[in-house]
Amino acid sequence: MTTVAACAAITLVAGCEGLDSSGTAPESGAAAPATDGRSVSPLKNPDGTKPGLAPVTGATDEATARELIESLRTKGRGPRTGYDRDEFGYAWMDTADGVPLARNGCDTRNDLLKRDGQSLRYRSGSDCVVIAMTLHDPYTGTTIEWRKQKATEVQIDHVVPLSYSWQMGSSRWPEDKREQLANDPLNLIPAEGRANSAKSDSGPASWLPPDKRIRCAYAVRFAQVADKYELPVTAPDKQMMLRQCGG
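Each chain has its residues counted from 1, following the order in which its sequence is written. Where local features are concerned, this predicted model is filtered to residues with pLDDT of at least 70; where side-chain atom pairs are given and counted, the filter is 80 or more; whole-chain, interface and lining totals use all residues. Just so you know, side-chain values use all the structure's heavy atoms and leave hydrogens and water out.

Asker: Is there a simple way to think about the side chain of Asp237 in this case?
Answerer: Here a helix means four or more residues in a row that DSSP labels H or I, a strand means two or more in a row labelled E, and each is numbered from the N terminus. Structurally, Asp237 can be placed in helix H7 (residues 235-244). Buried charged residue Asp237 carries no salt bridge. Nearest counter-charge: Arg77, at 5.2 Å. Counting of polar contacts relies on pairs of N or O atoms within 3.5 Å, with two restrictions inside protein: one atom must be capable of donating a hydrogen and the other of accepting it, and residues adjacent in sequence are counted only when both atoms are side-chain atoms. Within the structure, Asp237 has its side chain in polar contact with the side chain of Tyr164 (distance 2.7 Å). Within the structure, Asp237 has its side chain in polar contact with the backbone nitrogen of Ala205 (distance 2.7 Å). To sort residues, take the accessible area from a 1.4 Å probe on protein chains only and compare it with the maximum for the residue type: under 20% means buried, over 50% means exposed, and anything in between is partly exposed. In summary, the charge assignment counts Lys and Arg as positive and Asp and Glu as negative, without counting His or the chain termini. A carboxyl oxygen of Asp or Glu within 4 Å of a side-chain nitrogen of Lys or Arg is what we treat as a salt bridge.

Asker: Looking at this structure, how should I read the packing of aromatic side chains?
Answerer: Each pair of aromatic rings is reported with the distance of its centres and the angle of its planes. Between rings of Phe, Tyr and Trp, where Trp is taken as its six-membered ring, a pair exists when centres lie within 6.5 Å; planes separated by under 30 degrees are stacked, by over 60 edge-to-face, and by other angles tilted. Scanning the entire structure with this criterion turns up 9 aromatic pairs. Where Trp207 meets Tyr218, the ring centres are 5.6 Å apart and the plane angle is 70 degrees; that geometry is what we call edge-to-face. Residue Trp207 is located in the loop between helix H5 (193-199) and helix H6 (215-228), and its partner Tyr218 is located in helix H6; the two are separated by 11 residues in the primary sequence. Taken together, the ring pairs in this structure connect Tyr139, Tyr164, Trp207, Tyr218 and Phe222 into an aromatic cluster. We call a charge positioned above a ring when the Lys NZ or Arg CZ atom is no farther than 6 Å from the ring centre and deviates by at most 35 degrees from the ring normal. It is Lys177 that lies over the ring of Trp173; its NZ or CZ is 4.3 Å from the centre. Stacked on the ring of Phe88, the Lys or Arg Arg178 has its end atom at 5.9 Å from the ring centre.

Asker: So what exactly am I meant to see when it comes to helix H2 (residues 108-116) here?
Answerer: Along an α-helix, residues three or four positions apart point the same way, because every turn accommodates 3.6 residues. Of all 9 residues making up H2, 8 are buried, and the element is well covered by its neighbours. Listed as buried for H2 are Thr108, Arg109, Asn110, Asp111, Leu112, Leu113, Arg115 and Asp116. Note on contacts: a residue pair qualifies if any of its non-hydrogen atoms lie within 4.5 Å across the two residues. Lining the buried residues of H2 we find strand E1 (118-122), strand E2 (130-137), strand E3 (142-147), strand E4 (154-158), helix H4 (175-183) and strand E5 (188-192). With a side-chain oxygen lying 3.1 Å from the backbone nitrogen of Arg109, the N-terminal cap of H2 falls on Asp107.

Asker: Teacher, can you tell me more about the sheet that holds E2 here?
Answerer: Sheet strands line up and pair through hydrogen bonds in the backbone, either parallel or antiparallel. At least two bridges found by DSSP between two strands is the condition for calling them paired. Strand order across the open sheet formed by 3 strands is E1-E2-E3, with antiparallel pairing between neighbours. Since the sheet does not close on itself, it has two edges, and those belong to E1 and E3, each with one partner. Strand-to-strand twist of the sheet, defined as the mean angle between neighbouring strand axes without regard to direction, takes the value 15 degrees. The pairing of E1 with E2 spans 3 bridges and is classified as antiparallel. Paired with Gln118 across the bridge in E2 is Thr134. Axes here mean lines fitted to C-alpha atoms, for a helix over just the part in contact, with angles spanning 0 to 180 degrees between N-to-C directions. Packing against the sheet, H2 makes contact with E1, E2 and E3, and its axis sits at approximately 55 degrees to E2.

Asker: It is not clear to me how unusual backbone geometry should be interpreted in this structure. Could you clarify?
Answerer: Leaving glycine aside, a negative phi is the common case for residues, and trans is the common case for peptide bonds. Positive phi outside glycine occurs at Leu101, with the angle close to 75 degrees. Position of Leu101 among the secondary structure elements: in the loop between helix H1 (59-70) and H2. For Ser119, which is not glycine, the phi torsion reads 50 degrees and is therefore positive. As for its placement among the helices and strands, Ser119 is situated in strand E1. When its relative accessible area of 60% is taken as the criterion, Ser119 is described as exposed.

Asker: Just to check I follow, could you spell out the nonpolar core for this structure?
Answerer: A general tendency of soluble globular proteins is for nonpolar side chains to be buried together. By size, the foremost hydrophobic cluster in this structure holds 46 residues, and its most contacted members are Tyr139, Tyr218 and Phe222. Contributions of two or more residues to this core are made by H1, helix H3 (162-167), H4, E5, H5, H6 and H7. Discounting chain neighbours no more than four positions away, the residues touching Tyr218 are Leu53, Tyr139, Asp157, Val159, Lys199, Pro204, Trp207, Leu208 and Pro209. By size, the runner-up hydrophobic cluster in this structure holds 11 residues, among which are Leu135, Ile144, Val154 and Ile156. Definition used in this section: a nonpolar core is a set of buried Ala, Val, Leu, Ile, Met, Phe, Trp, Tyr and Cys residues joined via side-chain atoms within 4.5 Å.

Now the structure itself:
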């Protein structure tokens, strides 16, 4: 599968894939740290309110990961007909009831920057709007000194992309459930903008984080979201997720 390097620097653009012709994503620099010391394994963070995405390690945790992934239903990816970001509510709404951090007076994007960022600086007079921070990006294993002037250097990734969910059945959900998926911290990870743009609306068979050490954790998080929202995944996606966790 060919890597598409030139995608618009926004979330939820279609048509980009992040794997090379061998079926794996490019590996990040070997010297990059696997975690910032605060990141939590997805197996110990079932509601997504704790920061980051630490690697899943050890035979017991990998077995638990495979058991979760094995439980997912599979189906073919349906048409994208009718998909629109607005079907999931306006971006980063604070009023998506039924998910952690809702209605706290701060929009979802800033909630996630606060959850995962360090050395946070806020807009004058605000305890919500983050204008600068240090972010450890789990997808690339790099540390980003982010400033709001270059906002797209960090984007909020929907682990299960909204377009993917639409093709797998969320087109038939009530709007409030789609709003939950779009704003649920379990489904949201601040990440390097270029990595997120390369992912686009791909499932795990077409895109995995460049840092190989985090791929099982990413597969677990994808599976946690799919399980919570009763979404099927494609058979190739399920197979790839199992492979990342030793299956």
